[in-house]
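# Remarks on the overall topology
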Amino acid sequence: VLTAGGNADSLGDELRTMFRDDSLQLSPTTRARIGVAYSATFGNSLSVEEYDDVLDWCQELAQQDPEVNAEIAYRRSNLRKQSGDYPASESEMQTALAYYRSVDDRAMIGAATYSLGLIAYCEFNLKLSLELHLAALRHLRVAGNPNILIRCLFDAGSALAESG
């Protein structure tokens, strides 16, 4: 992993400065993309409130950019899922999925559908979870990312095994 000066904290500080500093000659969308990258990279070290604040800031910056807003919805969905707020998580992921479908991004359609399958699994809706995992697999096979494909296959098997 390449970091600023070999130090993850330095990289985090630099990214935070880049998306929060109004004096930099960066477009609001660029700053929002940097903020999303920051949240993706350092989200595990942030509190839920801090993570949410970063995503709110990014959303404010990227009001008119549907691609960035889809990424924000995707990240916020995962945050809500980790917090156990499954209805909010599903709503955010549906927002992201609608965008990914509108641009036919097969990899992200698969990833978002897979995430919806995980949400259904967390809600003990095993039949829906399996259906969503199988739908995700159709997209993920075409997209060619073996890591998420393997995770999806494993989780589809778990949903099948749990459902008896």
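Just above sits the structure.
What counts as what
Residues numbered from 1 in each chain as written. Predicted model: local features only at pLDDT ≥ 70, side-chain atom pairs only at ≥ 80, totals over all residues. Heavy atoms only, no water. Helix = DSSP H or I, 4+ residues; strand = E, 2+ residues; numbered from the N terminus. Contact = heavy atoms within 4.5 Å. Expected span 1.5 Å × (residues − 1). Buried < 20%, exposed > 50% of the residue type's maximum accessible area, 1.4 Å probe, protein only. Phe/Tyr/Trp six-rings, centres within 6.5 Å; stacked < 30°, edge-to-face > 60°.

### Some details on the environment of Asn78
Inspection of the secondary structure puts Asn78 in helix H4 (residues 66-83). Sequence separation of Asn78 and Ser115 is 37 residues, and the distance between their C-alpha atoms is 8.0 Å. With sequence-adjacent residues up to four places away left out, Asn78 is seen in contact with Met93 and Ser115.

### A few points about helix H6 (residues 106-122)
Structurally, the α-helix is built with 3.6 residues per turn, so residues lying three or four positions apart point the same way. Compared with the 24 Å implied by 1.5 Å per residue over 17 residues, the 24 Å span of H6 between its first and last C-alpha is a close match. The element H6 is largely enclosed, with a buried count of 12 among its 17 residues. Ile109, Gly110, Ala111, Ala112, Thr113, Tyr114, Ser115, Leu116, Gly117, Leu118, Ile119 and Ala120 are the residues of H6 that are buried. Next to the buried residues of H6 lie H4, helix H5 (86-102), helix H7 (126-143) and helix H8 (146-163).

### Looking at the packing of aromatic side chains
One pass over the structure, following the stated rule, counts one aromatic pair. Ring centres of Tyr99 and Tyr100 lie 5.8 Å apart, and the angle between their planes is 70°; this geometry places the pair in the edge-to-face category. Since its relative accessible area comes to 19%, Tyr99 is described here as buried.

Geometric values such as these leave the question of function open.
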